[in-house]
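# Chain and residue survey
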Amino acid sequence: MSSSTDEELDMLSPSFNPIKALYAKNVPVPSTTAQPLDNISKFELAPSGEVLIKPERPRTHNEYNIETVKRDLSAVAGTSQVSLVQRIFKKRRTVMARMSEIGKSRGPLSRIALFCFAKKRVKVYIRSAVSVRGHCEGYIIAFDKHWNLVMDDVDEVWTRKNKYKSLAIGDARSLDDPVEKPYTVIKRIRGHQVCRRHVPRFLVRGEQIVLVAKCLV
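As recorded in an unreviewed UniProt entry, the chain goes by Sm domain-containing protein and comes from Macrosiphum euphorbiae.

### Observations concerning the packing of aromatic side chains
As enumerated under the stated definition, the model contains 1 aromatic pair in all. With a centroid separation of 5.6 Å and 65 degrees between ring planes, the pair formed by Trp158 and Tyr183 is classed as edge-to-face. Note that Trp158 is positioned in strand 7 (residues 149-161) and Tyr183 in the loop between strand 7 and strand 8 (184-189), a separation of 25 residues in sequence. Exposure remark for Trp158: the relative accessible area of 9% places this residue in the buried category.

### Some thoughts on the side chain of Arg121
Turning to its location among the elements, Arg121 is positioned in strand 5 (residues 121-127). Among the residues examined, Arg121 registers a relative accessible area of 17% and is labelled buried. Polar side-chain contacts of Arg121 include one of 3.2 Å to the backbone oxygen of Glu137.

### Re the sheet that holds strand 8
Strand order in the open sheet made by the 6 strands is 8-9-7-6-5-10, with antiparallel pairing throughout. With partners counted over all chains shown, the strands left at the sheet margins are strand 8 and strand 10 (209-214), one partner each. With direction set aside, neighbouring strand axes in the sheet form an average angle of 25 degrees. The pairing of strand 6 (residues 132-143) with strand 7 spans 8 bridges and is classified as antiparallel. Residue pairing across strands places Phe143 opposite Leu149, the latter belonging to strand 7. Across the sheet, helix 5 (residues 108-117) lies against strand 5, strand 6, strand 7 and strand 10, angled at about 70 degrees from strand 6, the strand it touches most.

The rules behind the values
- Residues numbered from 1 in each chain as written.
- Predicted model: local features only at pLDDT ≥ 70, side-chain atom pairs only at ≥ 80, totals over all residues.
- Heavy atoms only, no water.
- Phe/Tyr/Trp six-rings, centres within 6.5 Å; stacked < 30°, edge-to-face > 60°.
- Helix = DSSP H or I, 4+ residues; strand = E, 2+ residues; numbered from the N terminus.
- Buried < 20%, exposed > 50% of the residue type's maximum accessible area, 1.4 Å probe, protein only.
- Polar contact = N/O pair within 3.5 Å; in protein donor to acceptor, adjacent residues only side chain to side chain.
- Pairing = 2+ DSSP bridges.
- Axes fitted to C-alpha atoms, helices over the stretch in contact; angles between N-to-C directions.
- Contact = heavy atoms within 4.5 Å.

Set out below in structure tokens:
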């Protein structure tokens, strides 16, 4: 009886019983220096049938911020006990951190980063549904990979259709509008009027941008 039990607890025996080995005590281990593997992805099967173990990826010292958190397991285990659990918290990359990374790279966004960090006044052309609507002149203070721009000290110039209607006698443009408009009309061209306004801070969505260029003056 003891010989059959020993064979069931022997891991190299064909009659090995893993369920009995889990509940048994003093199970003989074939190798005391074996590496513990807690992930099935570490195993690879060679064409010859041998099992290969993937080496662990080397990590830098400050790759993760590890904090020790106390967790109360009394409701789970049924007894009053507290376990120490290590949680892995990755550093959150903010927009400012991404802006500095883009400034060190190459491409169209690196030019925007140059305008932002050098505090150069730029002209951003904005589109409408079928054409170029106008442009904005100002300083870029923030941006992201979607070309969303936050601008300061912005002068916006855009074209819009005339909103007034012709009167039976006289011209509607000769009438004084009692409501003060937040923009001024620079000129009128073929039923359209070119408007201008100053905005202290402006947000331009990347999908509306046609071109970003540096102001010459």
